[in-house]
Amino acid sequence: MDACSRSQSQPLLRVRNLSVVFKQPHLTFLALQKVSFDLQSGETLALVGESGCGKTTLARVILRLIDADAGAIVFDGQDITTLSGKQLRPARKNMQMVFQDPFSSLNPKLLLGTQIFESLLVHKKFPIQERAESLMNDVGLSK
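Analysis parameters
Residues numbered from 1 in each chain as written. Predicted model: local features only at pLDDT ≥ 70, side-chain atom pairs only at ≥ 80, totals over all residues. Heavy atoms only, no water. Helix = DSSP H or I, 4+ residues; strand = E, 2+ residues; numbered from the N terminus. Contact = heavy atoms within 4.5 Å. pLDDT = per-residue confidence, 0-100. Salt bridge = Lys/Arg side-chain N within 4 Å of Asp/Glu carboxyl O. Patch = residues over 30% accessible without salt bridge, like charges linked within 9 Å, V, L, I, M, F, W, Y side chains within 5 Å. Areas by Shrake-Rupley, 256 points an atom, 1.4 Å probe, with all protein chains shown as cover. Pairing = 2+ DSSP bridges. Axes fitted to C-alpha atoms, helices over the stretch in contact; angles between N-to-C directions. Buried < 20%, exposed > 50% of the residue type's maximum accessible area, 1.4 Å probe, protein only. Arc of directions from axis to C-beta. Parallel < 35°, antiparallel > 145°, perpendicular 65-115°, else oblique. Left-handed = near helix turned anticlockwise from the far one by under 90°. Nonpolar A, V, L, I, M, F, W, Y, C, P; charged D, E, K, R; others polar. Core = buried A, V, L, I, M, F, W, Y, C linked by side-chain atoms within 4.5 Å.

A. Inspection of the environment of Leu-110 at higher detail. When you line up the elements, Leu-110 lands in the loop between helix 3 (102–105) and helix 4 (112–121). Once residues lying within four places of it in the same chain are set aside, the contact partners of Leu-110 are Gln-115 and Glu-118.

B. Quick peek at the confidence of the model for the chain. Residue-level pLDDT values for the chain average 84, and 90% of them are 70 or greater. Confidence scores differ between elements of the chain, with helix 3 showing the lowest mean pLDDT of 70 and strand 3 (residues 70–75) the highest of 96. Confidence drops under a pLDDT of 50 for residues 1–6, and excluding neighbours within four residues, the segment shows nine contacts in the predicted structure.

C. Main features of the pattern of salt bridges. Taken as a whole and judged by the stated rule, the model has three salt bridges. The residue Arg-64 makes a salt bridge to Asp-67 at a minimum N-O spacing of 3.0 Å. Here the salt bridges do not stand alone but share partners, grouping Arg-14, Arg-16 and Asp-38 into one network.

D. Seen up close, a nonpolar patch on the surface. Where nonpolar side chains cluster on the molecular surface, the patch consists of Leu-106, Leu-112, Val-139 and Leu-141 and spans about 320 Å² of accessible area. Here Leu-112 shows up in helix 4.

E. Region of interest: the sheet that holds strand 3. Read from one edge of the open sheet, four strands run 2-1-3-4, paired in antiparallel fashion. Unpaired on one side and paired on the other, strand 2 (27–39) and strand 4 (78–79) mark the two borders of the sheet. Along the sheet, helix 1 (residues 55–62) contacts strand 1 (13–24), strand 2 and strand 3; its crossing angle with strand 1, the most-contacted strand, is approximately 115°.

F. Local environment of helix 4. Buried within helix 4 are the following residues: Gln-115, Ile-116 and Leu-120. Looking straight down helix 4, one finds its buried side chains confined to an arc of 135°; they lie on one side.

G. Up close: the packing of helix 4 against helix 5 (residues 128–138). Their axes nearest at 9 Å, the elements helix 4 and helix 5 cross at an angle of 130°. Taken as axis vectors, helix 4 and helix 5 run oblique relative to one another. In the crossing of helix 4 with helix 5, the sense of the turn from one axis to the other is right-handed. Facing Gly-113, Ile-116, Phe-117, Leu-120 and Leu-121 of helix 4, the residues of helix 5 in contact are Ile-128, Gln-129, Arg-131, Ala-132, Leu-135 and Met-136. Tallied by class, residues from the contact of helix 4 with helix 5 come to eight nonpolar, two polar and one charged.

H. Examining unusual backbone geometry more closely. With phi around 50°, Asn-17 is a residue other than glycine that occupies positive phi space. Checked against the element boundaries, Asn-17 lands in strand 1. A positive phi is found at Lys-34, a non-glycine position, where the angle reads about 50°.

I. Broad picture of the nonpolar core. Within the largest apolar cluster, 22 residues are counted, with the highest numbers of intra-cluster contacts made by Leu-13, Leu-18, Ile-62 and Ile-80. In terms of residue count, strand 2 provides more of this core than any other element does, five residues in total. If sequence neighbours within four positions are ignored, Leu-13 has contacts with Phe-37, Asp-38, Leu-39, Ile-62, Ile-73, Val-74 and Phe-75.

Below, the structure is given as structure tokens:
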């Protein structure tokens, strides 16, 4: 289902009662407790909080890089909470976590254009070189 065919009342992302507990031999840490929200297509969600409050953990759970201990994640009408890696691949093409620190997202040893080009290879939907150059132009960067 794409964004055009999805009902406007149905959120693009629905998170319900997500909880994550990190367990180590002599320590149990509740990282997330019953987090719930809806995000409509075109909306932006900013997570703000002190260091260690669970912002990155929440993003990683939504992307299914970490499994939740409880709760549900529905992305674009599909419950992705229990999907395997292979089943998640189509949904992940439409998901991305944006870090505040660019060094967490970008490799300073590679040219920015190369990194944009490589990230577009995953989608294989359009002329990649032209799209990479267009994106750079949109933000005022020369190719």
